[in-house]
Amino acid sequence: MKAFTQLSGIVAPMDRANVDTDMIIPKNFLKSIKRSGFGKNLFDELRYLDEGQPDQDCSGRPINPEFPLNFPRYQNAQILLARENFGCGSSREHAPWALDDYGFRCVIAPSFADIFYNNCFKNGLLPIELPSSALDSLFQALYDNEGFTLNIDLAAQTVTTPAGQVYTFEVDEFRKHCLLNGLDDIGLTLQEADAIREYEERVKAQRPWLFGATASK
Amino acid sequence: MASKDGISKTLYDKLWEAHLVKAREDGSALIYIDRHIVHEVTSPQAFEGLRLAGRTPWRVDSIVATPDHNVPTSVTERASGVAGIEDPVSRIQVQTLDDNCDEFGILEFKINDQRQGIVHVIGPESGACLPGMTIVCGDSHTATNGALGALAHGIGTSEVEHVLATQCLVAKKMKNMLVRVDGKLGVGVTPKDVVLAIIAKIGTAGGTGYAIEFGGQVFRDMSMEGRMTVCNMAIEAGARAGMVAVDDITIDYVKGRTFAPNEAQWDEAVAYWKTLVTDEGAEFDQVVTLSGDEIEPQVSWGTSPEMVVPVGDTVPNPEGEADTTKRSGMARALAYMGLSAGQKITDIHLDRVFIGSCTNSRIEDIRAAAEVARGRKVADSIKEAMVVPGSGIVKAQAEAEGLDKVLVEAGFEWREPGCSMCLAMNADKLGNGEHCASTSNRNFEGRQGYGGRTHLVSPAMAAAAAIAGHFVDVRQWLK
Ligand code: SF4
């Protein structure tokens, strides 16, 4: 998993509440066997004017000129500003996969759906909760300033505007540790690799039939 | 669970302790996984995750793979292997499983390998799953393997990746529940009826948070395949794991299977397996008892596996239910199922019959269906009655016994092995509003096809329903 330490990046708006996982990545793209490549279908129904098909080349599709992610000023955005209850809906991890694949590293919202919030940390995305009033000011600053960026410092737990306004946010210590060090659940378990190997050696002596039986067939 | 004397342990306690790599401070633990069974639907993203992170499987010899969820089961579509799969998504999934297994050197029973079959059938059948093992698979019916005296449960895709990469699962210890069924089952009453009766009694959430051990005389007398049918549906009672203690029936079953311990290790293994029973004096957090003598053939009438009644009963009336949430759930189920309260179960007419799935597709199930079908004919009103063996080996065995002929003569279709209409990911599906007598494990809305109406029953009951065109008490035919 990618570590998240500091980020200075372009910001894009998703200015509506209750953006659900189906909106983030519509159901018909979930049959894929992949976990990468969902970026081109992020917000598919809002972004394009036609109906998307899995595995389709999206470069020739008619885009919705009114959808902010299609505006030239928000290209290459890495930070998404959003509203209440972002990520509600299904428990599948496709939503963070799609955001990550598109290039987002951070979503800032007044609140998130629980499972989505958890899934973000598992996938190297940082979800930041700030009060609604802070979001109001940030949206305003974003609309007023083309090329608006934010600086995010996970270690210091701060979001800083170009004008020098600093917002602090809360994050669980353990999750912060994992994200700062790029540790996903697997990375964490692999820190115990010695204990796993010791266990294997012990069991190999006691119950040898558990090992190797399928290797020769 | 602390026992009265502090020493006695349940079977589950023993299995847990034998696989504990490390207890973590937050109450979770790293549990070592002995056997990982992999199929085409829940594994592709796990393998891709491994590759993206530059990881490789921790222990390749712990993994056995096979495609089952969406392989076609018709003889013609199956004939040309992967390339012949018509549905593009299914084809890509099966192909991807092949590619991943080839890349990492994983043992796979490929689509037309005789050893291919439903994950939970091929595990015990090949001896890849053994007593005392921890067994996981990305399908919630993995508890089937608990019949061997093993700790087996289903996992999600991210856990599949975790087990591939680390050979461990992060888990929390569950509580212990004993479901004891004493007495003796009557003729025509099968393991499927036992487990449906258990679910009817404790409800679909009754086992949530528990590992269930099935004990009592009925299970001591039951064959291994029957025990698998029961453990298979532990999840329908809310429990991630179900298990049965090891006895001579278990050991006889394992003996001689391809991946069973070799001769040099056999005695040692058996001595260990014999310890895999709950100690006298061990305490369970909860005990539920049923009398085997009282269990009758069961039929589900609703859209949840707890909505089940004996075949001689009528469809229950929601008005009789005091709990308002339950009452409205029942009313909704009746509307979806197109049934009315008070209707006799034996008056429910069927459109299709499905005998198969990891619950009931083993040789004993096929025999039970064939016994009922022998010399009889599927009713004209039945559009399709299919029998889908759980593996190529089950299929070959059934054919060696001539059961396929009996079934085909009676008007059943005899298919290639796979999950088939259990979840309708392939072409085998119910039409909107169609009633199906099914030996599978889930009767949720749309499970067997959009608008499909599933009635869960045993293989003998399903075969009898196919012949009569409606449900019948199969005991009347077996006297
Ligand atoms: S038969 Fe049904 S329940 Fe069993 S493994 Fe296949 S899909 Fe899952």
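Because the structure is a prediction, the values reported are computed rather than measured.

## A word on the UniProt feature "binding site: [4Fe-4S] cluster" (unreviewed entry) in chain B
Residues and elements named next belong to chain B.
Logical step 1: Per the UniProt entry, the sites bearing "binding site: [4Fe-4S] cluster" (unreviewed entry) are Cys358, Cys419 and Cys422 in this numbering. For the residues just named, distributed over 65 residues, the greatest C-alpha separation is only 8.6 Å, placing them together at one site.
Logical step 2: Tracing the chain through its elements places Cys419 in the loop between β17 (413–414) and β18 (435–438).
Logical step 3: With a relative accessible area of 7%, Cys419 lands in the buried category.
Logical step 4: Setting aside residues no more than four positions away along its own chain, Cys419 makes contact with Asp68, His69, Ile118 and Phe354.
Logical step 5: Here Cys422 lies in the loop between β17 and β18.
Logical step 6: Using a relative accessible area of 7% as the deciding quantity, one classes Cys422 as buried.
Logical step 7: Sequence-distant contacts of Cys422, that is, excluding residues within four places in its chain, are made with Phe354, Ser357, Ser440, Asn441, Arg447 and Gln448.

## Side note on the interface of chain B and chain A
Logical step 1: At the interface, 43 residues of chain B touch 34 residues of chain A.
Logical step 2: Roughly 3,400 Å² is buried in total at the junction of chain B and chain A, and carbon and sulfur atoms are behind 60% of that figure.
Logical step 3: The largest contributions to the chain B side of the interface with chain A come from Gln45(B), Arg55(B) and Trp58(B), which together make up 18% of the buried area.
Logical step 4: Its salt-bridge partner being Arg55(B), residue Asp184(A) comes within 3.2 Å of it at the nearest N-O pair.
Logical step 5: Along the contact surface separating chain B from chain A lie 15 residue pairs in polar contact (both at pLDDT 80 or more).
Logical step 6: Taken together, the elements giving at least two residues each to the side of chain B that touches chain A come down to β1 (20–23), β2 (28–32), α2 (44–52), α4 (88–104), α6 (157–166), β8 (168–172) and α11 (263–273) of chain B.
Logical step 7: Within the side of chain B that touches chain A, the residues separate by chemical class into 22 nonpolar, eleven polar and ten charged.

## Details of the domain arrangement of chain A
Residues and elements named next belong to chain A.
Logical step 1: Partitioning chain A into domains gives domain 1 (6–183) and domain 2 (185–217).
Logical step 2: Computed over C-alpha atoms, the centres of domain 1 and domain 2 are 39 Å apart.
Logical step 3: At the boundary of domain 1 with domain 2, total buried surface from both sides reaches about 340 Å², with 71% on carbon and sulfur atoms.
Logical step 4: Contact with domain 2 buries surface across domain 1, with Lys122, Phe174 and Leu183 losing the most and accounting together for 88% of the total.
Logical step 5: If you look at where domain 1 meets domain 2, you find zero residue pairs in polar contact (both at pLDDT 80 or more).

## Comments concerning the side chain of Thr214(A)
Logical step 1: Along the polypeptide, Thr214(A) turns up in the segment after α8 (193–206).
Logical step 2: The buried category is assigned to Thr214(A), whose relative accessible area is 4%.
Logical step 3: Excluding anything up to four places from it in sequence, Thr214(A) contacts Arg35(B), Asp61(B), Val64(B), Leu107(B) and Phe259(B).

## Focus: the side chain of Asn145(B)
Logical step 1: The residue Asn145(B) is located in the loop between β6 (134–137) and β7 (151–154) in this model.
Logical step 2: Setting aside chain neighbours within four positions, we find Asn145(B) in contact with His120(B), Pro124(B), Cys129(B), Ile135(B), Ala150(B) and Ala152(B).

## Digging into empty space enclosed by the protein
Residue and element names in this part refer to chain B.
Logical step 1: Tallying each qualifying case throughout the model produces one cavity of 30 Å³ or more.
Logical step 2: Here the largest cavity defines a volume of roughly 30 Å³.
Logical step 3: Along its surface, the largest cavity is lined by His36, Ile37, Val38, His39, Thr42, Ser43, Cys137, Gly138 and Val160.
Logical step 4: A per-element tally of the lining of the largest cavity places strand β3 (residues 35–38) first, with three residues.
Logical step 5: Split by residue class, the lining of the largest cavity holds four nonpolar, five polar and no charged.

## With respect to the environment of Ser361(B)
Logical step 1: Secondary-structure assignment places Ser361(B) in the loop between β15 (352–355) and α13 (363–373).
Logical step 2: Given the relative accessible area of 0%, Ser361(B) is considered buried.

## What to know about the packing of aromatic side chains
Logical step 1: All told, the structure shown has 17 aromatic pairs over all chains when counted by the stated rule.
Logical step 2: Taken together, a centroid distance of 5.9 Å and an interplanar angle of 25 degrees make the contact between Phe71(A) and Tyr74(A) stacked.
Logical step 3: Overall, Phe71(A) belongs to the partly exposed group, its relative accessible area being 27%.
Logical step 4: Between the aromatic rings of Trp266(B) and Trp273(B), the centroid separation amounts to 5.6 Å while the plane-to-plane angle is 85 degrees, which identifies the pairing as edge-to-face.

Analysis parameters
- Residues numbered from 1 in each chain as written.
- Chains lettered and ligands numbered in written order.
- Predicted model: local features only at pLDDT ≥ 70, side-chain atom pairs only at ≥ 80, totals over all residues.
- Heavy atoms only, no water.
- UniProt positions renumbered as here; feature names shortened; annotations may be inferred.
- Helix = DSSP H or I, 4+ residues; strand = E, 2+ residues; numbered from the N terminus.
- Buried < 20%, exposed > 50% of the residue type's maximum accessible area, 1.4 Å probe, protein only.
- Contact = heavy atoms within 4.5 Å.
- Buried area = accessible area lost by both parts, 1.4 Å probe.
- Salt bridge = Lys/Arg side-chain N within 4 Å of Asp/Glu carboxyl O.
- Polar contact = N/O pair within 3.5 Å; in protein donor to acceptor, adjacent residues only side chain to side chain.
- Nonpolar A, V, L, I, M, F, W, Y, C, P; charged D, E, K, R; others polar.
- Domains from an automatic or database assignment.
- 1 Å grid on protein atoms, 1.4 Å probe; cavity = no way out; pocket = protein on both sides within 12 Å on 5 of 7 lines; lining within 4 Å.
- Points joined across faces, edges and corners; volume = space filled by probe spheres on them.
- Phe/Tyr/Trp six-rings, centres within 6.5 Å; stacked < 30°, edge-to-face > 60°.

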